[in-house]
Every structure is written in structure tokens, then in C-alpha cells.
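Each chain, letter by letter, is given below.
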Amino acid sequence: MITYLTHLACAACDQTYPADEPQHLCTCGGILLAQYDLPRLAREVPRERISARGWNDGLWRYAELLPGVPPERRVTLGEGATPLLAVPQWGMEGQVELWLKDEGLNPTGSFKARGAAVGVTMARQLGATHIALPTAGNAGAAWAAYGARAGLPVIVAMPRDAPAITQHEVQLYGARLHLVDGLISDAGAWVAQGVRSDGWYDASTFKEPYRLEGKKTLGLEIAEQLGWTMPDVILYPTGGGVGLIGLWKAFQELRTLGWVPADQPLPRLVAVQAAGCAPVVRAWEAGADATAFWEGAATIAAGLRVPGPLAGALMLRILRETNGTALAIDDATIHTAMQECARAGLWLSPEGAALLPALRTLIAQDWLHPGERVVLLNTGSGLVYPDLV
Ligand SMILES: *Cc1c(COP(=O)(O)O)cnc(C)c1O
Ligand SMILES: [Zn+2]
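What counts, and at which threshold
- Residues numbered from 1 in each chain as written.
- Chains lettered and ligands numbered in written order.
- Predicted model: local features only at pLDDT ≥ 70, side-chain atom pairs only at ≥ 80, totals over all residues.
- Heavy atoms only, no water.
- Helix = DSSP H or I, 4+ residues; strand = E, 2+ residues; numbered from the N terminus.
- Rg over C-alpha atoms; globule rule 2.2 N^0.38 Å.
- Buried < 20%, exposed > 50% of the residue type's maximum accessible area, 1.4 Å probe, protein only.
- Contact = heavy atoms within 4.5 Å.
- Areas by Shrake-Rupley, 256 points an atom, 1.4 Å probe, with all protein chains shown as cover.
- Lys, Arg positive; Asp, Glu negative; His and termini not counted.
- Charge placed at Lys NZ, Arg CZ, Asp CG, Glu CD.
- Donors = N, O, S within 2.8 Å, 3.2 Å for Na, K, Ca; no water.
- Tetrahedral: all angles 85-135°; square planar, octahedral: opposite > 155°, others 65-115°.
- Near = heavy atom within 4 Å.
- Polar contact = N/O pair within 3.5 Å; in protein donor to acceptor, adjacent residues only side chain to side chain.
- Nonpolar A, V, L, I, M, F, W, Y, C, P; charged D, E, K, R; others polar.
- Core = buried A, V, L, I, M, F, W, Y, C linked by side-chain atoms within 4.5 Å.
- Pairing = 2+ DSSP bridges.
- Salt bridge = Lys/Arg side-chain N within 4 Å of Asp/Glu carboxyl O.
- Phe/Tyr/Trp six-rings, centres within 6.5 Å; stacked < 30°, edge-to-face > 60°.
- Axes fitted to C-alpha atoms, helices over the stretch in contact; angles between N-to-C directions.
- Parallel < 35°, antiparallel > 145°, perpendicular 65-115°, else oblique.
- Left-handed = near helix turned anticlockwise from the far one by under 90°.

(A) Molecular detail of the overall build of the chain. Secondary structure assignment for the chain yields 13 helices and 13 strands. Computed over C-alpha atoms, the radius of gyration of the chain comes to 19 Å, within 12% of the 21 Å expected from 2.2 N^0.38 for 389 residues, which places it in the range of a compact globule. With respect to the principal axes defined by its C-alpha atoms, the chain has extents near 55 × 55 × 40 Å. Within the chain, the fraction of its 389 residues that count as buried is 60%. Within the chain, contacts between residues at least 6 apart in sequence are counted, and of these 70% link residues at least 24 apart. As displayed, the chain offers around 14,400 Å² of accessible surface, 51% of which is attributable to carbon and sulfur atoms. With 30 positive and 38 negative side-chain charges, the chain shows a spacing of 4 Å between the two charge centroids.

(B) Geometry of the coordination of the zinc ion (ligand 2). Looking at the metal site, the zinc ion (ligand 2) is ligated by Cys-10 (SG), Cys-13 (SG), Cys-26 (SG) and Cys-28 (SG), spaced 2.3 to 2.4 Å from it. Geometry at the zinc ion (ligand 2) is tetrahedral, judged from its four donor atoms and the angles of 106 to 117° they form at the metal. Read N to C, the donor residues that coordinate the zinc ion (ligand 2) are spaced as C-x2-C-x12-C-x1-C. Taken together, the residues Cys-10 in strand 1 (residues 5-10) and Cys-28 in the loop between strand 2 (16-17) and strand 3 (32-36) connect sequence positions 18 residues apart. With a relative accessible area of 45%, Cys-28 lands in the partly exposed category.

(C) Geometry of the site of ligand 1. Around ligand 1 sit 17 residues in total, of which Lys-112, Tyr-236, Gly-240, Gly-241 and Thr-379 are the nearest. The contact in question runs from an oxygen atom of ligand 1 to an N or O atom on the backbone of Gly-241, over 2.7 Å. Burial of ligand 1 by the surrounding chains reaches 95%, relative to a free accessible area of 380 Å². Every element with two or more residues in the shell around ligand 1 is listed here: strand 10 (233-237) and helix 8 (242-257). Tallied by class, the residues present in the shell around ligand 1 amount to six nonpolar, eight polar and three charged.

(D) Representation of the environment of Glu-97 within the structure. For Glu-97, the location among the structural elements is in strand 5 (residues 97-102). Separated by 230 residues in sequence, Glu-97 and Leu-327 have C-alpha atoms that sit 21 Å apart. Apart from the residues within four sequence positions on either side, Glu-97 is in contact with Glu-372, Arg-373 and Val-374. Here the side chain of Glu-97 touches Trp-99 through a polar contact of 3.0 Å, side chain to side chain.

(E) Structural detail: the nonpolar core. Counting residues in each nonpolar core, the largest one holds 97 residues, and the members touching the most others are Ile-131, Trp-143, Ile-245, Leu-247 and Trp-259. Each residue touching Trp-259, except ones within four places of it in the same chain, is listed here: Leu-41, Val-45, Pro-46, Arg-47, Ile-50, Leu-65, Trp-228 and Leu-254. If you look at the next biggest cluster of nonpolar residues, it comprises 37 residues, including Leu-356, Trp-367, Leu-376 and Val-384.

(F) Structural view of the sheet that holds strand 7 (residues 154-159). Sheet architecture is open: four strands sit in the order 8-7-6-9, paired in parallel fashion. On the outer flanks of this sheet lie strand 8 (176-180) and strand 9 (201-202), each paired with one strand and no other.

(G) Just the pattern of salt bridges, in detail. Applying the stated rule across the entire model yields 18 salt bridges. Between Arg-114 and Glu-221 there is a salt bridge; the shortest N-O distance is 2.8 Å. In this pair, Arg-114 is assigned in helix 3 (residues 112-125) and Glu-221 in helix 7 (residues 210-225), connecting sequence segments 107 residues apart. In this structure, Asp-161 and Arg-305 form a salt bridge, with 2.9 Å as the shortest nitrogen-oxygen distance. Here the residue Asp-161 occupies a position in the loop between strand 7 and helix 5 (164-172), and Arg-305 occupies one in the loop between helix 9 (279-286) and helix 10 (312-321), the gap between them amounting to 144 residues.

(H) Quick look at the packing of aromatic side chains. Counted according to the given criterion, the structure contains three aromatic pairs. Ring centres of Trp-190 and Trp-200 lie 5.6 Å apart, and the angle between their planes is 45°; this geometry places the pair in the tilted category. Remark: Trp-200 occurs in the loop between helix 6 (184-198) and strand 9 and Trp-190 occurs in helix 6; sequence separation between them is 10 residues. We classify Trp-190 as partly exposed; its relative accessible area is 22%.

(I) Quick peek at the pairing of strand 1. The sheet contact formed by strand 1 and strand 3 spans five bridges and is antiparallel. By the bridge assignment, Cys-10 is partnered in strand 3 with Leu-32. With two bridges joining them, strand 1 and strand 2 adopt antiparallel strand pairing. From the neighbouring strand, Ala-9 faces strand 2, where its bridge partner is Thr-16.

(J) The packing of helix 3 against helix 4 (residues 138-150), seen in detail. Between helix 3 and helix 4, the shortest axis-to-axis distance is 9 Å and the interhelical angle comes to 40°. Classed by the angle they form, the pair helix 3 and helix 4 counts as oblique. Of the two elements, helix 3 crosses helix 4, and the hand of that crossing is right-handed. Taking contact as the criterion, the partners of Lys-112, Ala-113, Gly-115, Ala-116, Ala-117, Gly-119, Val-120 and Arg-124 in helix 3 are, on helix 4, Asn-138, Ala-139, Ala-142, Trp-143, Tyr-146, Gly-147 and Ala-150.

(K) A look at unusual backbone geometry. For Trp-228, which is not a glycine, the phi torsion comes out positive at approximately 60°. Following the sequence through the fold, Trp-228 ends up in the loop between helix 7 and strand 10. Of note in this structure, Asp-366 is not a glycine but carries a positive phi near 55°. Topologically, Asp-366 is positioned in the loop between helix 13 (355-364) and strand 13 (373-378).

Worth remembering: the numbers are spatial, not functional.
Laid out in C-alpha cells, this is it:
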């Protein structure tokens, strides 16, 4: 089995770790990023080989840019290969070329399926016997489904007021559900306890490196769907930041490989948050290097209710590095946007719908320029939020 994965490296201090055993955080507390032998990959694999594959393999069409796993060991439910839809009606009267990447079509209704597919595959490869994670809702549903597919027990901790449908899904898939009176951060503390006492495999956001690799395929797909070029701007509804960091990692790898023009700047990444939980926006506006815990987090966009993201500092670095920005949208505006999108045939998640008012704000501020290619990243389906209609 050919693998181009060479090792893991800390995003904060560059310390390296072998990739052939379970790894979680760096000893410095930093996040571990999977590293590939990109020069060798560039020599041995032309991008045409990827394009010739057809879309049946979903995100696994990018196998060379993922950990090497024999096809029969992949845990898949048909994730990835989602459409990139033209949505000219919101594009500044045709001046901005506007696209919507619709992740609502993934198994379990959100882009969490990408992270779970690769994350569960690698947990099983590395010998995990029990997978545990805290969640605001959608990640729990996804990891429970992929755990069931893999035959691995999953333990999910989530806030008692997380969307009821995701609580039901977790149980339906046969995972153990633990409810906490609090937020995802409190659920995280409960999971950490079980990881220490019972040896569970910690699949918390960024506490294993492969959820990010799965979500990275989002960026690979967008580039391929745009004819192996990068858009100018991507608006992304930001919670823990796995998608944001995944996009950044994907485009950097593509540029190093020469699969997208090496002289093209990285897309300007825009972190869109809910006004009721906006630690990244607050830190961005203050010019801070790290996020501070957001007290009293509350929003209908459950996936954005992450008051203390572990990767706060890295997200801020990426927003700066890509000349991006961050802005918050209030729940009433999100709700109205959901209705407007639905009338265009697009029942988006509240997280995804928040991108439409964010787009309008950026247009009004002349932050977006005529002729730019802009992608709205809808992270989930409105069907996962039946309580909001
Ligand atoms: C989890 C989630 C998000 C936030 O994703 P991160 O990778 O944690 O930033 C956004 N939208 C939906 C629908 C989600 O489930
Ligand atoms: Zn480190």
C-alpha cells in the first residue's frame, strides 16, 4: 500500500511525531498536522489520474493526499463529491461569480461526514477499541454512523439542548449518548475523563489528526470543480474551525504539488460566526493572537456554538495569512436568510444560511471586488434542523 503520509508535525512548535501509532495533541498542547511527501507525490501522480477516476469514490478519489489505507479498509457511506452550484442571483448583479458548495448532501446531512469517514477509518487502523467525542450535535451523528459502519463502539457527549434529532440519531446508530447540562466544552471535559480512565480513543476536534484530513478534501474538491484553480474568496461558517483549517491546508498542498497555479494567492478565507457565539470574530476585531472563551454562548446555528475553540490561534493566523476576515450574524437574520434560501430551492442549515447576509455585508463594504470568484460553503442540510421551521 503506497502512502505519501510521512509524519505528523505540531502546528505551534514544529515538533514531529510518527504517524503509524495513535497520536493526539503535541506535548506543547499544539495541534498535529499530517505531513506528506509532496515532492514525490508530484513526481509520481499527475492530477489527471485523479480526474480520470470518476466521482463514485467520493472523497477517496484523493487517496494519495490521505493516509494510505487499502480500499477495503476504508469506512465509507458515500461521503464527498457534493455539487458546486452556481447561484448567480446573489452575486452582486452578476459582478461576483458566486458558487455554493452544498455539503448538506453528505451522509447524516452535514460535512461532518468527511471528517468521520477518514477519522473512523484511521481510528480502526490504529487499533482503537472505543471512540469518544464531544459534539454540538452533527459530529456526534456522523461519528456514530461511521462507527456503526466500522463495527466500533462510539461514545458521544453533547449538550442536553443540542438539536433533538442529532440526539436521536446517535442512539439510533447504536452509540452511547451522554447528555451534559452545559456546552460542548463541558461535554469535552466529560470525554477527557473517560479517555484517561477507560482508554477511549479521543476523537475530540483536533485531538486526533485525521478528521482534519477528511475535511481537507472539501478544498481539494472545490479546486478540482473549478478546473484545478482556487476561488478568490470562501465564506465559511466557523465553529471549531476544522473546515477553515482544512481548506487552508488543502490549497497549500495543491499549490506545492503544482496542481493549482503556484503563483495564485490562497483564497481569502472568511470566518462567519453567530452573534451569540463569536470568539473568533471578537479576537479578530481586537487584533488578538488567540481567542478568549465566549461566556453564555447561544445560537440557533448549533454547529457554531463552540465558545472555546482549541484551534483559535491557528484560525486567526490563517485569516491573517490569507488576507481574510471574520464577521458575525445574529439569529434573526440567519432565520430570515434560511427562508430566502429555501425560496431559491436551497434548504440550508442555519450555519450555511448565515453566509448570505455575510456576503451582503462584504459586498456593501466593498470587501469583495467585481469579477471575483466567491464560494459559499453550506456545511449542512436544513433537514437536520426540523425544529427551526
Ligand atoms: C460543525 C459544523 C460547523 C462548524 O464546523 P467547524 O469545522 O467546527 O468549524 C458548521 N456548520 C455545521 C452544519 C456544522 O455541523
Ligand atoms: Zn508543539
